[in-house]
Amino acid sequence: MGEFRTKDGRCIVAEDGLRIRVGERSPLGTLRDALTDEEIPPVRRAGVALFGLAVVVGVALAVRTLPVWLSGAGAGLLLAWLVWSRLRGGRPEKEISIKYDAVESVEPEYGLPLLTRPRFVIRYRSEGGVKRRYVLCPSRLYGFGAYERGKELFTEQGLMAPKPTDDE
């Protein structure tokens, strides 16, 4: 039927159910996609490139002007995070499948601008209870249209009620 980008993968709204592909992109892969994706307008791609350049220049200036102990503490925290990520290992689930008959509801949450990502909360029955799965959309900076595309697909499939208009 259709699919849309998520924070680090894709959500596929198929004929038999939802398939959520997790962990397809690393943070650098996400940045690369933001710079090369043809769905994103050139103005936004330029903004992402300028933001990346500003971050690199800011880090370089901070390292030169901050005290040595503070720069070392920042580098130590970065190294600890990288080691922790390696020790934690990869995610065992690369694709999650949810059948439509198990889905109870899909709720869109726009999130707080500049603080949280837009997301969909999928409530579904599994293992004798109701589970919740959060499908995070890409950032508003480079995820142009992913949230709206997801709302369209879920509404077409009947998982989400269409937004009422002023005429109703």
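Note that the structure is a prediction, hence the values are computed from the model and not measured. (Residues numbered from 1 in each chain as written. Predicted model: local features only at pLDDT ≥ 70, side-chain atom pairs only at ≥ 80, totals over all residues. Heavy atoms only, no water.)

Participant: For this particular structure, what's the right way to read the overall build of the protein?
Facilitator: Within the protein, the regular secondary structure consists of four helices and seven strands. Counting from the amino terminus, the protein carries its helices and strands in the arrangement β-β-β-α-α-α-β-β-β-β-α. When burial is assessed residue by residue, the protein has 27% of its 168 residues classed as buried. On the protein, roughly 11,500 Å² of surface is accessible, and the fraction owed to carbon and sulfur atoms is 61%. (Helix = DSSP H or I, 4+ residues; strand = E, 2+ residues; numbered from the N terminus. Buried < 20%, exposed > 50% of the residue type's maximum accessible area, 1.4 Å probe, protein only. Areas by Shrake-Rupley, 256 points an atom, 1.4 Å probe, with all protein chains shown as cover.)

Participant: Can you walk me through the sheet that holds strand β1 (residues 2–5) in this structure?
Facilitator: Backbone hydrogen bonds hold the strands of a sheet together, and the pairing may be parallel or antiparallel. Here we have four strands laid out as an open sheet, ordered β1-β2-β3-β4, and antiparallel in their pairing. Strand pairing shows two members of the sheet lacking a second neighbour, β1 and β4 (95–99), which therefore form its edges. Taken over all neighbouring pairs, the strand axes of this sheet differ in orientation by 15 degrees on average, direction set aside. On top of the sheet, helix α4 (residues 146–157) reaches β1, β2 (10–13) and β3 (17–21); it is set at about 150 degrees to β1, its chief contact. (Pairing = 2+ DSSP bridges. Axes fitted to C-alpha atoms, helices over the stretch in contact; angles between N-to-C directions. Contact = heavy atoms within 4.5 Å.)

Participant: Help me understand the pattern of salt bridges in this model?
Facilitator: Charged atoms that come close allow side chains of opposite charge to pair. Summed over the entire model, instances satisfying the criterion amount to ten salt bridges. Note that E127 and K131 form a salt bridge whose closest N and O atoms lie 3.5 Å from each other. Judged by relative accessible area, E127 falls into the exposed class, the value being 72%. Linking E152 and R149 is a salt bridge whose minimum nitrogen-to-oxygen distance equals 3.5 Å. Pair noted here: E152 and R149 are both in helix α4, with a separation of three residues, about one helical turn. On the basis of relative accessible area, E152 is assigned to the partly exposed category, the value being 42%. Counted as one network, the salt bridges with shared partners bring together D16, R19, R21, E95 and K99. (Salt bridge = Lys/Arg side-chain N within 4 Å of Asp/Glu carboxyl O.)

Participant: Hey, could you run me through the packing of aromatic side chains in this one?
Facilitator: In this description, a pair of aromatic rings is defined by centroid distance and the angle of the planes. What the rule picks out here adds up to five aromatic pairs. Centroid distance F4 to F154: 5.9 Å. Interplanar angle 80 degrees. Geometry classified as edge-to-face. One end of the pair, F4, is in strand β1; the other, F154, is in helix α4, with 150 residues separating them in the sequence. In this pair, the class of F4 matches that of F154, namely buried. With centroids separated by 5.7 Å and ring planes inclined at 65 degrees, the aromatic side chains of Y110 and Y147 adopt a geometry described as edge-to-face. (Phe/Tyr/Trp six-rings, centres within 6.5 Å; stacked < 30°, edge-to-face > 60°.)

Participant: Would you take a moment to explain the pairing of β2 for this structure?
Facilitator: Side-chain direction in a regular strand flips from residue to residue, so the side chains alternate between the two faces of the sheet. Direction of pairing for β1 relative to β2: antiparallel, over a ladder of four bridges. Note that in β2 the partner of R5 across the bridge is R10. Looking at chain direction, β2 and β3 are connected through four bridges and run antiparallel. The partner of R10 across the bridge, within β3, is R21.

Participant: What exactly am I supposed to notice about the sheet that holds strand β6 (residues 119–126) here?
Facilitator: Across the sheet, three strands lie side by side as β5-β6-β7; this open sheet has antiparallel pairing. Looking at strand neighbours, the two that pair on one side only are β5 (103–109) and β7 (129–136), the edges of this open sheet. Ignoring which end each strand starts from, the neighbouring axes of this sheet average 20 degrees apart. Of the strand pairs in this sheet, β5 and β6 are connected by six bridges, and their pairing is antiparallel. Bridge assignment links V106 to a residue of β6, and that residue is I122. Set on the sheet, α4 makes contact with β5 and β6; between it and β6 the angle comes to about 35 degrees.

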